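A structural walkthrough
Chain residues, written in single-letter form:
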Amino acid sequence: PMQFSTQGIDLKQSNVAISISESDNLLDLGLSKECVDDLMVEITRHLLISKAKMVYGGDLRQMGFTELFKDLAFQYGAFEKSRNDEMYFTDFIAWPLHLNIKPETCDDYRHSRVKLTPVPALAFPNIDTSKFICPDSVYNQYIWAENLTKMREEMEKITSCRIIAGGKTSGFKGKMAGVLEEFVIARRKGHPVYIVGGYGGCAQLLSEVCIGKKSVDEFLRI
């Protein structure tokens, strides 16, 4: 991506998705969250300068990656005063997470050129989809996992390619690590995937499988 902006490459028709979360072995690599933030800032900045549109799937937690992407989209979009409807980021949010988003938060993100896209809930017996549920039972965890998968599948429908970095290898809410599931869905769609393995986590394991350092069986046992 950093070569694109310096060479004047136009990515106007491209929707580049970002798969990223904090790795659980960052300290083992001598890294911190700030290092991962810096990576995303540079990749995103150069892609936006190259006129790519960005895609992400995540909640709106404070000091999270979505807030970081919002700030970058605003800085880039500030140069286009005549196109207030031009969105540079699309953030997909799974049910039930989007139920807690306030209208003023949506307005704030829209002002920063980020389109929040809530993904409708899947139907399940005895579940009122107008109310938030916590993943505090096996059944609720199953519902969360299915809705996270749906969100990632919807996100991939508008994606041209995907960049992967970091990612938890345990403690995730979906069927598998989020970064891994987004990798699997992207490859099933035949979309190019670019893996940044140097920041640990699931992306590091995926890169080791791709270069033959680990077998698939070793990866699945982790």
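To keep things clear, this report deals only with the structure shown in the data block. (Residues numbered from 1 in each chain as written. Predicted model: local features only at pLDDT ≥ 70, side-chain atom pairs only at ≥ 80, totals over all residues. Heavy atoms only, no water.)

A look at helix α2 (residues 33-49)
Inclusion rule: Strands are runs of DSSP state E lasting at least two residues, helices are runs of H or I lasting at least four, and both sets are numbered from the N terminus onward. For a helix, the expected span equals 1.5 Å multiplied by the residue count minus one. For every residue, the accessible area obtained with a 1.4 Å probe (protein chains only) is divided by the maximum for its type, and the residue is called buried under 20%, exposed over 50%, and partly exposed between those limits.
With 17 residues, α2 should cover 24 Å at 1.5 Å per step; its first-to-last C-alpha distance of 24 Å lies within 8% of that length. Every buried residue of α2 is listed here: Val36, Asp37, Leu39, Met40, Ile43, Thr44, His46, Leu47 and Leu48. Looking one or two residues beyond α2, the residue adopting positive phi is Lys51, at roughly 75 degrees.

Quick word on the packing of aromatic side chains
Note the cut-off: Stacked, tilted and edge-to-face are the three classes applied to pairs of Phe, Tyr and Trp rings, where Trp contributes its six-membered ring and a pair requires centres within 6.5 Å; stacked means planes under 30 degrees apart, edge-to-face means over 60, and tilted covers the rest.
If you walk through the whole model with that rule in mind, you get four aromatic pairs. Pairing Phe124 with Tyr142 gives two aromatic rings, centres 5.7 Å apart and planes at 80 degrees, and the pair type is edge-to-face. Here Phe124 is found in the loop between β4 (114-118) and α5 (138-156), whereas its partner Tyr142 is found in helix α5, with 18 residues between them in sequence. The class for Tyr142 is partly exposed, based on a relative accessible area of 44%. Geometrically, the ring pair formed by Phe132 and Trp144 is edge-to-face, given 6.1 Å between the ring centres and 90 degrees between the ring planes. With Phe132 in the loop between β4 and α5 and Trp144 in helix α5, this pair connects stretches of sequence that are 12 residues apart.

A look at the nonpolar core
Nonpolar side chains in soluble globular proteins tend to be buried together. Formally: Take the buried residues of types Ala, Val, Leu, Ile, Met, Phe, Trp, Tyr and Cys, join any two whose side-chain atoms come within 4.5 Å, and each joined set is a nonpolar core. Residue contacts are counted whenever heavy atoms from the two residues lie within 4.5 Å of one another.
Formed by 28 residues in total, the largest nonpolar core has its most connected members in Ile18, Ile20, Met40, Leu47 and Phe69. At the level of elements, β1 (15-21), α2, β2 (53-57), α3 (65-77), β3 (89-93), β4 and β5 (161-166) are the ones that each hand at least two residues to this core. Per-element tally for this core: the top contributor is α2, with six residues. Residues within four places of Phe69 in sequence aside, it is in contact with Ile18, Ile20, Met40, Thr44, Tyr56 and Phe89. Phe183, Ala186, Val193 and Ala203 belong to the second-largest nonpolar core, a separate cluster that totals 10 residues.

Quick look at the pattern of salt bridges
Pairing is possible between side chains of opposite charge, provided their charged atoms come close. Threshold: We count a salt bridge whenever a side-chain nitrogen from Lys or Arg sits within 4 Å of a carboxyl oxygen from Asp or Glu.
Going through the model one piece at a time under the given rule, you end up with 11 salt bridges. Two residues, Lys53 and Glu86, come together in a salt bridge whose shortest N-O distance is 2.9 Å. With Lys53 in strand β2 and Glu86 in the loop between α3 and β3, the pair connects residues that are 33 residues apart, well separated along the chain. Given a relative accessible area of 16%, Glu86 falls into the buried group.

Topic: the packing of α5 against helix α6 (residues 178-188)
Under the convention used in this document: Convention adopted: a line fitted to C-alpha atoms gives each axis, helices being fitted over their contacting stretch, and angles between N-to-C directions are expressed from 0 to 180 degrees. Roughly parallel means an angle under 35 degrees; roughly antiparallel means over 145; roughly perpendicular covers 65 to 115; every other angle is labelled oblique. In this scheme the crossing of two helices becomes right-handed for a clockwise turn of the near helix relative to the far one and left-handed for an anticlockwise turn of less than a right angle.
In contact at an axis separation of 10 Å, α5 and α6 are set at 45 degrees when each is read in the N-to-C sense. Comparing their axes, α6 and α5 come out oblique. Here the hand of the crossing between α5 and α6 comes out right-handed. Taking contact as the criterion, the partners of Thr149, Arg152, Glu153, Met155 and Glu156 in α5 are, on α6, Gly178, Glu181, Glu182, Ile185 and Ala186.

So, the sheet that holds β3
Where we set the bar: Here the rule is simple: two strands pair whenever DSSP picks up at least two bridges between them.
Taken together, the six strands give an open sheet; going across it, the order is β4-β3-β2-β1-β5-β6, and neighbouring strands pair in parallel fashion. Two strands in the sheet have a free side with no partner beyond their single neighbour: β4 and β6 (193-196). Shown here is a sheet whose adjacent strand axes are inclined to one another by a mean of 20 degrees, direction ignored. Against the sheet, α2 engages β1, β2, β3, β5 and β6, with an angle of about 175 degrees to β1.

Focus on the pairing of β2
Condition: Looking down the strands as they point away from you, a crossover is right-handed if its path from the first strand over the helix to the second goes clockwise.
β2 sits mainly inside the fold: four of its five residues count as buried. With four bridges connecting them, β1 and β2 associate as parallel partners. If you follow Val16 over to β2, its bridge partner there is Met54. Remark: the β1/α2/β2 crossover connection has right-handed handedness. Bridge count for β2 against β3 is four bridges, and the pairing is parallel. Across the sheet, the residue bridging to Met54 is Phe89, located in β3.

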